[in-house]
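# Descriptive analysis of the structure
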Amino acid sequence: APTPSAGSGQAFVAAGPAPVRAPEGLILAEREILRLLVCEPELVTEAKLDLAEPQFCTPELQAGVELLWRAPGGSVMSLPDDGSEMYQVGENLLRELSFNPQALSEGLKPADLLRDLLATRQERLLERDRADLKLALRQADGAGATEVLKKIQLTDQAISDLRRERRQKHLAHDEETA
């Protein structure tokens, strides 16, 4: 899959063997994060704390997040067009997302919605890791299979913990708004 090239960030280049397509849930979570940040640019600083060097799952999403991270105060309009493909791809995506403002789900405040979307993204990343581990398990032998099984168990536990934490936050929010 193409990724921004190291160094200049000005062109997309092929990076190794083609990975498995990103799960749709992960793509949607990352799009929603970008949509929220375009609509609420004051949240970009908070998002940068959780995603210091974000690696989004498609070249288009990666270009969008890189532009937002470079833009002062999350305002992409203040960035000069450097003529790069990355800039064009990212700017087109962010413009598209700005035309479809974020509907604040479940009455969440924007900062709470950001935290929820970041947790959703983390859950989807863990699910992708678990799927990759299950594929590796099929190819593993004796001791290697035991190690992969341990990693699957740890990943399952991390997913379970994340879901429990999100459920508790949603219950607390529901009690506050009831």
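So, here is what we can say about the structure in this document.

Parameters at a glance
- Residues numbered from 1 in each chain as written.
- Predicted model: local features only at pLDDT ≥ 70, side-chain atom pairs only at ≥ 80, totals over all residues.
- Heavy atoms only, no water.
- Helix = DSSP H or I, 4+ residues; strand = E, 2+ residues; numbered from the N terminus.
- Buried < 20%, exposed > 50% of the residue type's maximum accessible area, 1.4 Å probe, protein only.
- Contact = heavy atoms within 4.5 Å.
- Areas by Shrake-Rupley, 256 points an atom, 1.4 Å probe, with all protein chains shown as cover.
- Polar contact = N/O pair within 3.5 Å; in protein donor to acceptor, adjacent residues only side chain to side chain.
- 1 Å grid on protein atoms, 1.4 Å probe; cavity = no way out; pocket = protein on both sides within 12 Å on 5 of 7 lines; lining within 4 Å.
- Points joined across faces, edges and corners; volume = space filled by probe spheres on them.
- Nonpolar A, V, L, I, M, F, W, Y, C, P; charged D, E, K, R; others polar.
- Salt bridge = Lys/Arg side-chain N within 4 Å of Asp/Glu carboxyl O.
- Expected span 1.5 Å × (residues − 1).
- Core = buried A, V, L, I, M, F, W, Y, C linked by side-chain atoms within 4.5 Å.

Counting its secondary structure elements, the chain contains 6 helices and 2 strands. Reading the helices (α) and strands (β) of the chain from amino to carboxyl end gives β-β-α-α-α-α-α-α. For the chain, buried positions account for 37% of its 178 residues. The long-range fraction of contacts in the chain, counting pairs at least 24 apart against all pairs at least 6 apart in sequence, stands at 61%. When the accessible surface of the chain is totalled, it reaches about 10300 Å², and 54% of it is carbon and sulfur.

Okay, the side chain of Glu30 next. Within the fold, Glu30 resides in helix H1 (residues 24-39). For Glu30, a relative accessible area of 0% corresponds to the buried category. At a separation of 2.8 Å, a polar atom in the side chain of Glu30 contacts the main-chain amide nitrogen of Cys57. For Glu30, the contacting residues outside a window of four places in its chain are Gln55, Phe56, Cys57, Leu61 and Arg121.

Attention now moves to the layout of surface pockets. Reported here for the second largest pocket is a volume of approximately 250 Å³. In terms of lining, the second largest pocket is formed by 11 residues, of which the most central are Asp112, Arg115, Asp116, Lys169 and His170. Of all the secondary structure elements, the ones that give two or more residues to the lining of the second largest pocket are helix H5 (110-139) and helix H6 (142-177). Per-element accounting of the lining of the second largest pocket gives the leading share, 6 residues, to H6. For the lining of the second largest pocket, the per-class residue count stands at 3 nonpolar, 2 polar and 6 charged.

Throughout the structure, instances matching the rule amount to 15 salt bridges. Notably, a salt bridge pairs Glu96 with Arg31, separated by 2.7 Å at the nearest N-O pair. Taken together, the residues span a long stretch of sequence, with Glu96 in helix H4 (residues 85-98) and Arg31 in helix H1 at a distance of 65 residues. Judged by its relative accessible area of 37%, Glu96 is partly exposed. The salt bridge involving Arg115 is made with Glu46; its shortest N-O contact spans 2.8 Å. Highlighted residues: Arg115 in helix H5 and Glu46 in helix H2 (residues 44-50), separated in sequence by 69 residues. On the basis of relative accessible area, Glu46 is assigned to the partly exposed category, the value being 23%.

As a further point, take H1. The first and last C-alpha atoms of H1 sit 22 Å apart over 16 residues, in line with the 22 Å expected at 1.5 Å per residue. Those residues of H1 that are buried lie in contact with H2, helix H3 (59-70), H4 and H5.

The subject of this paragraph is the side chain of Asp116. Following the sequence through the fold, Asp116 ends up in helix H5. Relative accessible area serves as the criterion here: at 16%, Asp116 is assigned to the buried category.

Core analysis: the biggest nonpolar cluster contains 30 residues, and Leu34, Leu37, Leu68, Trp69 and Leu114 have the highest contact counts within it. For this core, the secondary-structure elements that each account for two or more residues are H1, H2, H3, H4 and H5. When residues of this core are assigned to their parent elements, the largest contribution, 6 residues, is made by H3.

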